Number of protein chains: 2
Amino acid sequence: MARWEPNASQRLADAALELFAERGYENTTVLDIARRAGLAKSTFFRHFRDKREVLFGEDALTERLTTAIAAAPAEAAPLEAVACALDALGRDVFTPARRAFTVRRRAVIEANPDLQEREALKGVRLTASVARALADRGVPGLVARVAAELGALALEIAYGRWNDQDCTEEFGVIARRALGDVQKAASATRGHPGRSR
Amino acid sequence: MARWEPNASQRLADAALELFAERGYENTTVLDIARRAGLAKSTFFRHFRDKREVLFGEDALTERLTTAIAAAPAEAAPLEAVACALDALGRDVFTPARRAFTVRRRAVIEANPDLQEREALKGVRLTASVARALADRGVPGLVARVAAELGALALEIAYGRWNDQDCTEEFGVIARRALGDVQKAASATRGHPGRSR
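These figures come from a predicted structure and were not determined experimentally. (Residues numbered from 1 in each chain as written. Chains lettered and ligands numbered in written order. Predicted model: local features only at pLDDT ≥ 70, side-chain atom pairs only at ≥ 80, totals over all residues. Heavy atoms only, no water.)

Peer 1: Hey, could you run me through the interface of chain B and chain A in this one?
Peer 2: It is common to give the size of an interface as the accessible area that goes away when the parts come together. With 42 residues of chain B in contact, the opposing surface of chain A contributes 42 residues. Contact between chain B and chain A buries roughly 3800 Å² in total, counting both sides, with carbon and sulfur atoms accounting for 60%. In this assembly, chain B and chain A are joined by six salt bridges. For Arg-52 of chain A, the salt bridge is made with Glu-117 of chain B, and the minimal N-O distance between the two is 2.6 Å. Linking chain B with chain A are eight residue pairs in polar contact (both at pLDDT 80 or more), by the criterion used here. (Contact = heavy atoms within 4.5 Å. Buried area = accessible area lost by both parts, 1.4 Å probe. Salt bridge = Lys/Arg side-chain N within 4 Å of Asp/Glu carboxyl O. Polar contact = N/O pair within 3.5 Å; in protein donor to acceptor, adjacent residues only side chain to side chain.)

Peer 1: Even after reading the chapter, I still don't get helix H1 (residues 8–23) of chain B, so can you show me in this structure?
Peer 2: Every α-helix carries 3.6 residues per turn, so stepping three or four residues along brings you back to the same face. Residue and element names in this part refer to chain B. The terminal C-alpha atoms of H1, which comprises 16 residues, lie 22 Å apart, in line with the 22 Å expected from a rise of 1.5 Å per residue. Against the buried residues of H1 lie helix H2 (30–36), helix H3 (41–47) and helix H6 (99–110). Of the residues one or two after H1, Gly-24 is the one with positive phi, at around 90°. (Helix = DSSP H or I, 4+ residues; strand = E, 2+ residues; numbered from the N terminus. Expected span 1.5 Å × (residues − 1).)

Peer 1: Before we go on, may I ask you to explain helix H6 (residues 99–110) of chain A in this structure?
Peer 2: Residue and element names in this part refer to chain A. For H6, which comprises twelve residues, the first-to-last C-alpha distance of 17 Å matches the rise-based estimate of 16 Å (1.5 Å per residue) to within 8%. Taken as a whole, H6 has its buried residues at Arg-99, Phe-101, Thr-102, Arg-105, Val-108 and Ile-109. On its buried face, H6 is in contact with helix H1 (8–23), helix H7 (113–136) and helix H8 (141–162). (Buried < 20%, exposed > 50% of the residue type's maximum accessible area, 1.4 Å probe, protein only.)

This is the structure we're talking about:
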């Protein structure tokens, strides 16, 4: 049995980000990442399926969102349950201490089509998980899917703003505002004429 | 200069689908695909970047959707412009003659995580293109993004139904209905309580 390595997955993710920034994603191997983290290659593969996965592996996001949706007050409307979930992300995942990591992670992903692809798929799966968590609360299937899509859009907008250089607000505050904006925009999709305005 | 090959990209896509179904995606090479289509490997790479792209390369969908949005009546609300675009897909892309191809394509994609990833990324890009086309009509940015997301969800639902074995309806009819359902669901995201109902 391999020995237990404290905090291995975060060490590997940090090492990978450093190397991707230094020499590029294409020029970094799994062995390079493991070495930089001071861990064995086999440890890498216990935590991540492949090189791309090192920036996506934890699924802490999905776990936190779905748990928070399940824990939202029974009388909460679907979008209110989503808002509770975004609050939870701000408390437990997108914390101020985490920001330096996510800013660098984002820059690496934006530079690599391969990673963008994985990010897109993760986004689709995250949205599907949120929709399932809402449906488990008794929300009708299609309403759950739409609420999940609106929540995903708010999350994306909030994540972008939170990663902005000058941002000093907490993630939860930004996310609540983004969700409110998305909600208003959804009402306007039926009524805002185009060029005629 | 290479000679012109009539309808090469569709021939390559058909050949790829056949081979993926026969021997699996992993066991099919670009050379196999080109040979089955009776074309040179170099012809393949003039049309597609890699093996995955052969099922996604045309972007006929994006082209048709954005053109139709631009051509929608000036007074059309954002979701009405999206509805016009879905109508156009039914007329020009998802035609009855095309259905046998899309049904097989869908089965191959569902069997391959690699292809699902590409499909997810294409979906994200398609939605972004639709949002840009709406913004070009003067729709405010966030309203355009929300309308595009709702349209993408309606498209996904309609595409699934249209590919169902027993479906005899036209794509445009299914898509209009799906968009109406999505619209109603969007209104319900603020009001449908969960377990308490």
